[in-house]
Amino acid sequence: MTRRTRVRFAPSPTGPLHMGGVRTALYNYLYAKQKGGDFIIRIEDTDSHRFVPGAEQYIIEALRWCGIIPDEGVDAEGHVVEEASERHPHAPYRQSQRRGIYRKYAEQLVQGGFAYYAFDSSESLDAERKAAEAKGQTFIYNWQTRGRLRNSLTLPVEEVARLLEETTDWTVRFKMPEGRVVEMDDIIRGHISVDTATLDDKVLWKRADELPTYHLANIVDDHLMEITEVIRGEEWLPSLPLHYLLYEAFGWERPAFAHLPLLLKPVGNGKLSKRDGDKMGFPVFPLRWVSPEGETSRGYREDGYFPEAFVNMLALLGWNPGTEQEIFSMAELIEAFSLEKVGKSGAKFNPEKAKWFNREYLRMKSDAELAGLYSEVLAAHGVSAPPEYVEKVVGVIKDRATFVEDFWTAAPYLFVAPSGFVEKDVAKFLTPETTPCLTEVADWLNSHSGPHPESTPDIESHVRDNGWPMGKVMNAIRLALTGSASGLGIHEILSLIGPAEASRRISYLLNH
Ligand code: GLU
């Protein structure tokens, strides 16, 4: 019987979700939806030292903003589900709330001879590390060293029983077999084999906090939650042999694995890091993040990106649809996505391309929708204007904008008259030669400002018919209308603000 597709995104709340993490969640989501399966969110928070307050909420809010909505793990309001129900049969989904589950699995491995109890203190392990370093070597807890360390493989049975009973700083370690080659398959990378001689005896469970480590909790929960495919970042590939061996030791059916390529910096071949955004001037986080220390990192949302544009851009960072198509709605992504078309090598992030996507999505939106969004920006600048007017403005300047905010920065003068003028432009264009022309134009415009002007008066022809120097006079007029000699075409501005307002602005410049 084929199993129902169930995939999960399993973030650790150690900070804000980097765009690479959002891409992992997205690919899981697309995969699940395409197969008519379930997409689950599980919070892997067993490492209390790395827990960052607010990170879990951030992750969930970021995914919601992107339209990546889980079937299980998080409720409709965006809270991690704490109690089992029909829709959320595997709750709780926070590993810290599942702590009671894992010990028996760790013990089961010890009983089966796949793991052992280790009693080494952190001081003695530090001493081992230092001694190895002094010899230019690295200490590894593995088949070569475990035979001389303090664990249930070396200590007498009674001593082990006593230590288990009386002490609390012991751990359960996986007994990595020596001299085995683990043969693995990855949907993206194909066949991989790794010699276990290179691997260490990872800690699986800690008596001190009665918590599992990532490896044990991850495997146990993937099994209990009936996960069919594990789709995660390349940084987890080195853990794959251990995970394979854990499935084998438990005798459980293994999910299939797909390790996604890294996201690379725009220049060079380095991995895109959390710090790059601030250094290079683009966001690496979906939403703005303020760390508990008060440090702020910019976010795509606050920088004015549409979530659809961000998602579309991310989808193509690593996945190649195999056609020329670049613009995909979420529904189209669900249909077209395939793990087989995800590349092995790192995907270079291009911030200019991110802007390109936003521009494309901005153009695809109706003037009415953009006017609604722009009205919010205007309100933030203390401006209110009739919706029909905002819509008209948007229609005229849409092609020049990447973000809704650009409507304002490009042409605030379509809503507020300039109160000051660029001095060097005043010096250049408000001259004894142009002043009388402006006075005349102001009057002429007023004569065209009846209650229902038929059409926008044609200033250019008027200037030409009067035989005035075209460039100089037009620039002087633009200066009056916008505050500087640059900006939209005068005719466009006039068609929006109307002749009466234009006339008023010219008089204001003449009298300023
Ligand atoms: N908790 C791990 C992380 O933070 C999950 C890795 C996995 O998906 O197995 O990325």
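This report concerns the structure included in the present document.

Parameters and conventions
Residues numbered from 1 in each chain as written. Predicted model: local features only at pLDDT ≥ 70, side-chain atom pairs only at ≥ 80, totals over all residues. Heavy atoms only, no water. Core = buried A, V, L, I, M, F, W, Y, C linked by side-chain atoms within 4.5 Å. Buried < 20%, exposed > 50% of the residue type's maximum accessible area, 1.4 Å probe, protein only. Helix = DSSP H or I, 4+ residues; strand = E, 2+ residues; numbered from the N terminus. Contact = heavy atoms within 4.5 Å. Near = heavy atom within 4 Å. Polar contact = N/O pair within 3.5 Å; in protein donor to acceptor, adjacent residues only side chain to side chain. Areas by Shrake-Rupley, 256 points an atom, 1.4 Å probe, with all protein chains shown as cover. 1 Å grid on protein atoms, 1.4 Å probe; cavity = no way out; pocket = protein on both sides within 12 Å on 5 of 7 lines; lining within 4 Å. Sits in = over half its atoms within 2 Å of the grid points. Nonpolar A, V, L, I, M, F, W, Y, C, P; charged D, E, K, R; others polar. Expected span 1.5 Å × (residues − 1).

1. Structural notes on the nonpolar core
1) Next: Counting residues in each nonpolar core, the largest one holds 152 residues, and the members touching the most others are Met19, Tyr374, Leu414, Phe415, Ile459 and Ile477.
2) Next: The leading source of residues in this core is helix H1 (residues 19-34), at nine residues.
3) Next: Apart from residues no more than four positions distant in its own chain, Tyr374 is found in contact with Val390, Val393, Val394, Val404, Phe407, Trp408 and Phe415.
4) Next: The next biggest cluster of nonpolar side chains, apart from the first, holds seven residues, and it includes Tyr116, Ala118, Leu125 and Tyr141.

2. Structural notes on the site of the ligand
1) Next: Surveying the vicinity of the ligand reveals the residues Arg8, Ala10, Ser12, Glu44, Tyr214, Asn218, Arg232 and Trp236.
2) Next: Arg8 is positioned with one of its side-chain polar atoms (N or O) 2.7 Å from an oxygen atom of the ligand.
3) Next: Trp236 has a polar side-chain atom sitting 3.3 Å from an oxygen atom of the ligand.
4) Next: In isolation the ligand offers 300 Å² of accessible surface; the protein chains occlude 85% of this area.
5) Next: When atoms are counted within 2 Å of each cavity's grid points, the one that captures over half of the ligand is the largest pocket.
6) Next: Looking at side-chain class alone, the shell around the ligand contains three nonpolar, two polar and three charged residues.

3. Examining helix H12 (residues 367-380)
1) Next: The end-to-end C-alpha separation of H12 is 20 Å, in line with the 20 Å expected for 14 residues at 1.5 Å each.
2) Next: By the burial criterion, the buried members of H12 are Leu370, Ala371, Tyr374, Val377 and Leu378.
3) Next: In this structure, the buried residues of H12 make contact with helix H11 (351-364), helix H13 (387-397) and helix H14 (404-410).

Honestly, it's all geometry; don't read function into it.
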